[in-house]
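A structural walkthrough
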Amino acid sequence: MKRLSYLSAALFAIMLAACSSEDDLTPKVDTSNEYATYIMANKDRTPTDSLIYEWLTEYNTYIVYNFRDNDIKWQWSGKMNISYTPYDPESESDMNLLMKHLNLVKTAFFDNYETDFLRQSLPYKLFFVKSLKGSGFDSFGEASYTALSNSQDAILIAYLQPNGRAYSQATMESEMSGIFGGFFYDKLDVKPLKFLNSRVPVNYDLVSVPADPKVEAELAIKPDFANQEHDANVCGYVKAYLPTHVKVPTEVQDFTDYLWFITQNKGSWIRQRTQFYKRLAQRGSYFIEFYQEVLGQDLIAQQNRKFPNDPVTIDDFKWQ
């Protein structure tokens, strides 16, 4: 999935070869690559740099924290005005903070996926900064971000909130899953057509107004548990958007929502919804099938590893 090469020096690098063979556990690094040169030269400088080198060999991606401002401005110039606080490589306290940042991303994100899958699917670069703000060129004001994708081959990840506290694991998990899911979806050579074709049409882009009268009638049938996503679940969507929970998700949001739904929740919580909302079960089964047959990933097994005491099974997605 990753690009095999970057021929221009302006792009700083050649791509690491993504290979599943046991003989290719060490990335093929062009030492003229600015990022690789720094990582290799500093792999024994601090425990943090050593971990970054380990991740390069394990995940086939560059962890970048020491960079020029132009590196960020160029990467995100088409989308955002970026304001960020970088890590100081000469500061011991900053290196200790970066280690906490790396461990948070590993716990909240990396540990949720198979290593081989990450090796093949991660962006070429992950930029780490202390804090991150940005504003779109077509919007007003400035917002804080946990992570941003440039829709190409890089993700920018922050650690601290505006109040100076680290982002929680739950927040990092949610934001990174969404960012990575969107990045991954855009890179798919084969789209999950069966899953996408099962999207329920709605009027006015609102899940509260299904186009099919039969689906609309189901909105009045409420479960015996509180659920602010009831309308979305009836229509077969994991959730709807806007503060009112009514806007139908885009294809990318739909994809990332199901990845989160199946792998990041307890089996009992999933069952509660798939047993009541048949379209969640149906579309979930299509999603699991796509991941297994096309991507070679067992989402049920991933959920079981994360929640061994509350696993989900494929039977929980029976809908007929």
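Residues numbered from 1 in each chain as written. Predicted model: local features only at pLDDT ≥ 70, side-chain atom pairs only at ≥ 80, totals over all residues. Heavy atoms only, no water.

**Comments concerning helix α1 (residues 34-41)**
Every buried residue belonging to α1 is among Tyr35, Ala36 and Ile39, and all of these are buried. Along the axis of α1, the buried residues cluster in a sector spanning 95°; they form a single face. (Buried < 20%, exposed > 50% of the residue type's maximum accessible area, 1.4 Å probe, protein only. Helix = DSSP H or I, 4+ residues; strand = E, 2+ residues; numbered from the N terminus. Arc of directions from axis to C-beta.)

**Points about the pattern of salt bridges**
The tally for this structure, following the rule as stated, stands at 13 salt bridges. With its nearest N and O atoms 2.5 Å apart, the salt bridge here joins Glu34 to Arg68. In this pair, Glu34 is assigned in helix α1 and Arg68 in the loop between β1 (62-64) and α3 (69-76), connecting sequence segments 34 residues apart. What makes Arg68 partly exposed here is its relative accessible area of 39%. Asp94 serves as the salt-bridge partner of Lys130, at 2.9 Å between the closest nitrogen and oxygen. (Salt bridge = Lys/Arg side-chain N within 4 Å of Asp/Glu carboxyl O.)

**As for the environment of Ala108**
As for its position among the elements, Ala108 is in helix α4 (residues 92-108). Its relative accessible area of 0% is what places Ala108 among the buried residues. The sequence separation of Ala108 and Gln169 amounts to 61 residues, and the corresponding C-alpha distance is 5.6 Å. With residues near it in sequence (within four places) discarded, Ala108 still touches Gln169, Met172 and Glu173. (Contact = heavy atoms within 4.5 Å.)

**Structural notes on the layout of surface pockets**
The computed volume of the largest pocket comes to approximately 330 Å³. Contributing elements (two or more residues each) for the lining of the largest pocket: α6 (169-187) and α10 (251-263). When grouped by side-chain class, the residues that make up the lining of the largest pocket number 4 nonpolar, 5 polar and 3 charged. (1 Å grid on protein atoms, 1.4 Å probe; cavity = no way out; pocket = protein on both sides within 12 Å on 5 of 7 lines; lining within 4 Å. Points joined across faces, edges and corners; volume = space filled by probe spheres on them. Nonpolar A, V, L, I, M, F, W, Y, C, P; charged D, E, K, R; others polar.)

**Some thoughts on the side chain of Thr146**
In this fold, Thr146 is placed in the loop between β5 (143-144) and β6 (147-149). Residue classification places Thr146 among the buried residues on the basis of a relative accessible area of 7%. In this view, Thr146 contacts Leu156, Ile157, Ala158, Tyr167, Thr171, Met172 and Glu175; residues no more than four positions away in its chain are not counted.

**Some remarks on the sheet that holds β1**
Strands in a sheet are paired, the pairing made by backbone hydrogen bonds, and the direction either parallel or antiparallel. Reading across from one edge, β1-β3-β7-β6 is the order of the 4 strands in this open sheet, with mixed pairing throughout. Since the sheet does not close on itself, it has two edges, and those belong to β1 and β6, each with one partner. Strand-to-strand, the axes of this sheet are offset by a mean angle of 20°, without reference to chain direction. Bridging between β1 and strand β3 (residues 125-129) involves 3 bridges; their strand directions are parallel. (Pairing = 2+ DSSP bridges. Axes fitted to C-alpha atoms, helices over the stretch in contact; angles between N-to-C directions.)

**Overview of the packing of aromatic side chains**
Enumeration over the complete set of coordinates arrives at 32 aromatic pairs. Consider the rings of Phe67 and Phe127, whose centres lie 5.4 Å apart with planes at 90°: the pair is edge-to-face. On the criterion of sequence distance, the pair formed by Phe67 in the loop between β1 and α3 and Phe127 in strand β3 is long-range, its members being 60 residues apart. Among the residues examined, Phe67 registers a relative accessible area of 16% and is labelled buried. For Phe127, a relative accessible area of 0% translates into the label buried. (Phe/Tyr/Trp six-rings, centres within 6.5 Å; stacked < 30°, edge-to-face > 60°.)

**Some words on helix α2 (residues 47-59)**
Under the 1.5 Å per step criterion, the end-to-end length of α2 is 18 Å for 13 residues, consistent within 8% with the ideal 18 Å. In this structure, the buried side of α2 is in contact with α1, β1, α4 and α5 (115-121). Just beyond α2, the residue with positive phi is Asn60, at close to 65°. (Expected span 1.5 Å × (residues − 1).)

**Let's talk about the confidence of the model for the chain**
One rule of thumb: low pLDDT means the predicted coordinates there are not for detailed reading. The share of residues in the chain with pLDDT of 70 or more is 85%, and the mean pLDDT across the chain is 83. Scored below 50 in pLDDT, residues 1-32 makes 73 contacts in the model with residues more than four places away or belonging to other chains. (pLDDT = per-residue confidence, 0-100.)

**Re the environment of Phe128**
Within the fold, Phe128 resides in strand β3. Separated by 30 residues in sequence, Phe128 and Leu98 have C-alpha atoms that sit 8.0 Å apart. Here Phe128 is in contact with Ile63, Val64, Tyr65, Phe67, Tyr87, Leu98, His101, Leu102, Val105 and Ile157, once residues within four sequence places are set aside.

**Focus: the packing of α10 against helix α11 (residues 267-274)**
Between α10 and α11, whose axes approach to 8 Å, the crossing angle comes to 120°. Overall, the two elements α10 and α11 adopt an arrangement that is oblique. Facing Trp260, Phe261 and Ile262 of α10, the residues of α11 in contact are Trp269, Ile270, Arg273 and Thr274. Among the residues making up the contact of α10 with α11, the classes are represented as 5 nonpolar, 1 polar and 1 charged. (Parallel < 35°, antiparallel > 145°, perpendicular 65-115°, else oblique.)

**Observations regarding the pairing of β3**
When you tally the buried positions in β3, you get 5 out of 5 residues, the bulk of the element. Burial of β3 is two-sided: the residues Lys125, Phe127 and Val129 facing one way and the residues Leu126 and Phe128 facing the other way are all buried. Strand direction decides the pairing type here: β3 and strand β7 (residues 154-158), joined by 5 bridges, are parallel. Bridge pairing in β7 links Phe127 to Leu156.

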